[in-house]
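Letter by letter, the chains look like this.
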Amino acid sequence: MKMTLDEKTLDSLNEEIRHCTKCRLWQSRKIAVPGEGPVPCRVLFIGEAPGNMEDKTGKPFTGMSGKFLDLMLNEIDMKRQQFYITSSVKCRPPKNRPPKDDELAICKENWLNKQIYLIKPQLIVLLGKTALKQMLGLNENLVNCHGRIIDYHGIECLITFHPAASMRFPKIRKEMKKDFQRFKEMINT
């Protein structure tokens, strides 16, 4: 299989991510998790941070949240392999705490912005409050803003819940399913 220049560039960026020591998160990680998916890719999913399974495998959304994300995609006749999937930060925070503001800023400036440039998405799906805060600078309650589309430098961003919240709360799951139906409509037009 022949690689494109962008794939080669993304591979080198991913290698830099795997060796990153720019913020404190590297000290407690096992494996950094750059993300995975086709390049270029029409849709980019951004979650919060690697969890325990991701920290062991180096792949995004491989734990319980990943299984739930796969289920949500399957319900709209899609597969995760169609999309590029990454997280707001690339290393697991200690004790699964939310990433801190400086960690989000460092990761966005050094890695996420470059990934977006190379992946060239037309749509970014923001999975949860952390991704919303990092990408759009919004600190809103997701109950009030999920399903909205907001422009980010010419790229549409769809706001929805993180799979972990949807697994725990039936009302949130119902709303996330509506958001994923909207997502399906958006990419099928």
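Scroll up for the structure.
Residues numbered from 1 in each chain as written. Predicted model: local features only at pLDDT ≥ 70, side-chain atom pairs only at ≥ 80, totals over all residues. Heavy atoms only, no water.

Q: Looking at this model, I keep getting lost on the environment of C145. Mind explaining?
A: Tracing the backbone shows C145 in helix 6 (residues 142-145). Considering only alpha carbons, one finds C145 and L158, 13 residues apart in sequence, at a separation of 9.8 Å. Residues contacting C145, with those up to four places away along its chain left out, are L132, E140 and I159. (Helix = DSSP H or I, 4+ residues; strand = E, 2+ residues; numbered from the N terminus. Contact = heavy atoms within 4.5 Å.)

Q: In this structure, what is going on with the pairing of strand 4 (residues 149-152)? I would like to understand it.
A: On a regular strand, one side chain projects to one face of the sheet and the next to the other, so that they alternate. The side-chain alternation of strand 4 yields one buried face, formed by I150 and Y152, and one unburied face, formed by I149 and D151. Sheet topology note: the strand 4/strand 5 (residues 155-160) ladder contains four bridges and is antiparallel. Residue pairing for strand 5: D151 is matched across the bridge by E156. Turn length for the strand 4-strand 5 hairpin, with the two strands adjacent in sequence and antiparallel, is two residues, and the turn residue H153 shows positive phi of about 50°. (Buried < 20%, exposed > 50% of the residue type's maximum accessible area, 1.4 Å probe, protein only. Pairing = 2+ DSSP bridges.)

Q: Can you help me understand the pattern of salt bridges in this one?
A: Where charged atoms from two side chains of opposite charge approach closely, those side chains can pair. The full count for this structure, using the stated rule, is 11 salt bridges. We note a salt bridge from K59 to E36, for which the minimum N-O separation is 3.4 Å. Here the residue K59 occupies a position in the loop between helix 2 (52-57) and helix 3 (64-75), and E36 occupies one in the loop between helix 1 (5-18) and strand 1 (43-47), the gap between them amounting to 23 residues. One salt bridge in this structure joins R148 and E140, with 3.4 Å as the shortest N-O distance. By relative accessible area, which is 34% here, R148 ends up partly exposed. On the accessibility criterion, E140 (27% relative accessible area) is partly exposed. Overlapping salt bridges, with partners in common, bring together R24, R97, D102 and E103 in one network. (Salt bridge = Lys/Arg side-chain N within 4 Å of Asp/Glu carboxyl O.)

Q: Any chance you could explain the nonpolar core here in plain terms?
A: It is characteristic of soluble globular proteins that their nonpolar side chains tend to be buried jointly. Of all hydrophobic cores here, the largest spans 57 residues; its most connected members are F45, L73, I124, L126, M135, L136 and F183. The element contributing the most residues to this core is helix 4 (residues 101-119), with seven residues. Apart from residues lying up to four places away in sequence, L73 is in contact with F45, M78, K79, R80, F83, F180 and F183. (Core = buried A, V, L, I, M, F, W, Y, C linked by side-chain atoms within 4.5 Å.)

Q: I tried to follow the sheet that holds strand 2 (residues 84-87) on my own but got confused; where do I start?
A: Across a sheet, strands are paired by hydrogen bonds formed along the backbone, either parallel or antiparallel in direction. On the basis of which strands lie adjacent, the open sheet formed by five strands has the order 2-1-3-5-4 and mixed pairing. For this open sheet the edge positions go to strand 2 and strand 4, each flanked by a neighbour on one side alone. Across this sheet, the average inter-strand angle for adjacent strands is 25°, counted without regard to direction. Of the strands in this sheet, strand 1, strand 3 (123-127), strand 4 and strand 5 touch helix 8 (residues 170-187), which is tilted by about 160° from strand 5. (Axes fitted to C-alpha atoms, helices over the stretch in contact; angles between N-to-C directions.)

Q: How should I be thinking about unusual backbone geometry in this particular structure?
A: Excluding glycine, a negative phi dihedral is what most residues carry, and trans is how most peptide bonds are arranged. Of note, the amide linkage connecting V39 to P40 takes the cis form, showing an omega dihedral of -10°. Inspection of the secondary structure assignment puts P40 in the loop between helix 1 and strand 1. Despite not being glycine, H153 shows a phi value in the positive range, around 50°. Structurally, the position occupied by H153 is in the loop between strand 4 and strand 5.

Q: Explain the packing of helix 4 against helix 5 (residues 129-136) here, please?
A: The description of two helices packed together rests on the angle between their axes and the distance between the axes. At a minimum axis distance of 10 Å, the contact between helix 4 and helix 5 shows a crossing angle of 70°. Classified by the interaxial angle, the pair formed by helix 4 and helix 5 is roughly perpendicular. Contacts from D101, L104, C107, K108, L112 and I116 in helix 4 reach T130, K133, Q134 and M135 in helix 5. Class assignment of the residues belonging to the contact of helix 4 with helix 5 gives a composition of five nonpolar, two polar and three charged. (Parallel < 35°, antiparallel > 145°, perpendicular 65-115°, else oblique. Nonpolar A, V, L, I, M, F, W, Y, C, P; charged D, E, K, R; others polar.)

That is the geometry; function is a separate question.
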